[in-house]
Amino acid sequence: ADTTTDGAKIRAALEDLKTPVEGVLKTYNRPFTKDNHEALMANDFVFVRWSDGKLVRNEDAVVKSLSPADYKR
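Just so you know, these numbers come straight off a predicted model, no measurement behind them.

From N to C terminus, the protein includes 2 helices and 4 strands. When its helices and strands are written in sequence order, the protein yields α-β-β-β-β-α. Over its C-alpha trace the protein gives a radius of gyration of 17 Å, far above what one expects of a compact globule, namely 11 Å for 73 residues. Expressed as lengths along the three principal axes of its C-alpha atoms, the size of the protein is roughly 50 × 30 × 20 Å. By the burial criterion, 11% of the 73 residues in the protein qualify as buried. Of the contacts made within the protein by residues no fewer than 6 positions apart, 13% connect residues no fewer than 24 positions apart. Put simply, the protein shows about 6,400 Å² of open surface, and 53% of that area lies on carbon and sulfur atoms.

In structure tokens:
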């Protein structure tokens, strides 16, 4: 496979992904477009905390109040 460090070629390739990409958090299906280079959206993030020796989802009032715009700050 060809490799490159040419930013324009890399951007064009990412914007034209044809097959899903397995990631750590999810499977990405065409995650990039010319107008959107954010592969992860607000609903992809999960807040966790330690409780009784294990990680548990944190869904307090503050976390529930977050909107997609809050992740852009």
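After presenting the structure, the write-up continues.
Side chains of Phe45, Phe47, Leu66 and Tyr71 sit close together on the surface and give an oily, nonpolar patch of about 320 Å² of accessible area. Topologically, Tyr71 is positioned in the segment after α2 (61-65).

Most of the time, phi is negative for any residue but glycine, and the peptide bond is trans. Residue Arg30 is not a glycine yet carries a positive backbone phi of 50°. Considering the arrangement of structural elements, one finds Arg30 in the loop between β2 (27-28) and β3 (48-51). By relative accessible area, which is 43% here, Arg30 ends up partly exposed.

The next thing to look at is the environment of Pro68. With respect to the helices and strands, the residue Pro68 is situated in the segment after α2. Each C-alpha atom, one on Pro68 and one on Trp50, is 25 Å from the other, the two residues being 18 residues apart in sequence.

Applying the stated criterion to the full structure yields 3 salt bridges. One salt bridge connects Lys26 with Asp44, and the closest N-O pair in it is separated by 3.0 Å. Taken together, the residues Lys26 in the loop between β1 (21-22) and β2 and Asp44 in the loop between β2 and β3 connect sequence positions 18 residues apart. Assessed through its relative accessible area of 27%, Lys26 is described here as partly exposed. Two residues, Glu59 and Arg57, come together in a salt bridge whose shortest N-O distance is 3.2 Å.

What counts, and where the lines are drawn
Residues numbered from 1 in each chain as written. Predicted model: local features only at pLDDT ≥ 70, side-chain atom pairs only at ≥ 80, totals over all residues. Heavy atoms only, no water. Helix = DSSP H or I, 4+ residues; strand = E, 2+ residues; numbered from the N terminus. Rg over C-alpha atoms; globule rule 2.2 N^0.38 Å. Buried < 20%, exposed > 50% of the residue type's maximum accessible area, 1.4 Å probe, protein only. Contact = heavy atoms within 4.5 Å. Areas by Shrake-Rupley, 256 points an atom, 1.4 Å probe, with all protein chains shown as cover. Patch = residues over 30% accessible without salt bridge, like charges linked within 9 Å, V, L, I, M, F, W, Y side chains within 5 Å. Salt bridge = Lys/Arg side-chain N within 4 Å of Asp/Glu carboxyl O.

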